[in-house]
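Below, each chain spelled out in residue letters.
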Amino acid sequence: MGFKCGIVGLPNVGKSTIFNAITNAGAEAANYPFCTIDPNVGMVSVPDSRFDKLVASFKPRAVLPTVTQFVDIAGLVKGASQGEGLGNQFLTHIRECEAIMEVVRCFEDENIVHVHGSVDPLRDVEIIETELLLKDMDSLDKRMVIENRNARVGVGVASAKMRLDACEKLKNAMSEGTPARRLLGDSETMDELISDLALLTAKPMFYCANVSDDEMLTGNAHVDVLRKYAEAQGSSVVIICGKIEEELSSMEPEEKQEFLKDLGMAESGLDSVIRKGYSLLGLRTYFTAGEKEVRAWTFEAGWKAPACAGVIHTDFERGFIRAETLSYKDFEKCGSWNAAKEAGLLRTEGKEYEVEDGDILHFLFNV
């Protein structure tokens, strides 16, 4: 699994169009067919030219790219945290997501009515993020009732008081509009509290500016405003055009590349979204390759070889001996695993080796 990305936004901002494009893109992917788990969840393979070249070289019987899971919820409206609209019913679905993508309408179209009558990215963002904060504060209030009781009587009064202090500090911050992610690292107690509650505003967030097709490359004034806001929040913006993504999703790979070239785009908006998620979460990819299968695996930057082996199976980590390692750069230079081995570029790495993005690994273990 690559990562789980929750999609939020107001009604009529193009959120469903983008999600449907993702759905169709996954269905057309030869290597990993899209799988609809339920009406609002889907998976799509992560684009990676390195993986494609490994497949071409090894010609394996099985091909398993890493995948990204998208979780779409009904459009949120003002008051969702108090039960308005449908979105609030599904907010719990994104608690297990690692990142959140907020789709923001940045296009003008008189045929598509905006729920608030006009296009205003900052107003829309404020509504969505206020609803996420209110949802988190509801979870926090319930936790404070428990910690209040524990702080008065019972075993662990001192630690309960520390947790209650953290609750109060967090609630005060969120009451002023500060997301929980801004308090991560404040203290060990705070970090544990935020983790236990699986707060929505603790998750890394980026913005998806949905624009018209003629503004995909240039952006517009709405995008500029959104970018300025995102930068102040320590976040970023990906520009996407829902209409273009819908067209791309129904094309064959060669036709898709030609279409992107004609538009002057290096990659689709969907590909940009996936790459942004990987960057935001500090994720990397390593590969295992052979005649049986070529497979991509996701890990976090800085992980050492045993931890990466554990992504495959806990036995691999527990009984780790060493990892036969070939960098993708050396593989590409030599053209094959065997040629790189003959050139003396295949390395043996131990438990302290920090795996690099693109490494091709063969783990030896014993349990």
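These figures come from a predicted structure and were not determined experimentally.

Cut-offs and rules
Residues numbered from 1 in each chain as written. Predicted model: local features only at pLDDT ≥ 70, side-chain atom pairs only at ≥ 80, totals over all residues. Heavy atoms only, no water. Axes fitted to C-alpha atoms, helices over the stretch in contact; angles between N-to-C directions. Helix = DSSP H or I, 4+ residues; strand = E, 2+ residues; numbered from the N terminus. Parallel < 35°, antiparallel > 145°, perpendicular 65-115°, else oblique. Left-handed = near helix turned anticlockwise from the far one by under 90°. Contact = heavy atoms within 4.5 Å. Expected span 1.5 Å × (residues − 1). Nonpolar A, V, L, I, M, F, W, Y, C, P; charged D, E, K, R; others polar.

At a minimum axis separation of 9 Å, helix H4 (residues 121-152) and helix H5 (residues 157-175) run at an interaxial angle of 155°. One way to sum up the angle between H4 and H5 is to call them roughly antiparallel. The hand of the H4/H5 crossing is left-handed. Every residue of H5 that contacts H4 at Leu 133, Asp 136, Met 137, Leu 140, Asp 141, Arg 143, Met 144, Glu 147, Asn 148, Asn 150 and Ala 151 is listed here: Val 157, Ala 160, Lys 161, Arg 163, Leu 164, Cys 167, Glu 168, Leu 170, Lys 171, Met 174 and Ser 175.

What follows concerns unusual backbone geometry. Positive phi is not limited to glycine here, since Lys 59 has a value of about 45°. Within the fold, Lys 59 resides in the loop between helix H2 (49-58) and strand E4 (62-64). Even without being glycine, Ala 198 reaches a positive phi, approximately 50°. When you line up the elements, Ala 198 lands in the loop between helix H6 (188-197) and strand E7 (205-210).

In this model, helix H10 (residues 269-281) (13 residues) spans 18 Å end to end at C-alpha, consistent with the 18 Å of a helix rising 1.5 Å per residue. Two residues or fewer past H10, Gly 282 is found with a positive phi of approximately 65°.

Before going further, it helps to examine the packing of H4 against helix H7 (residues 221-232). Contact geometry for H4 and H7: axes closest at 9 Å, N-to-C directions at 45°. Overall, the two elements H4 and H7 adopt an arrangement that is oblique. For the pair formed by H4 and H7, the contact residues are Pro 121, Leu 122, Val 125 and Glu 129 on the first element and His 222, Val 225, Leu 226 and Tyr 229 on the second. Here the residues of the contact of H4 with H7 sort into six nonpolar, one polar and one charged.

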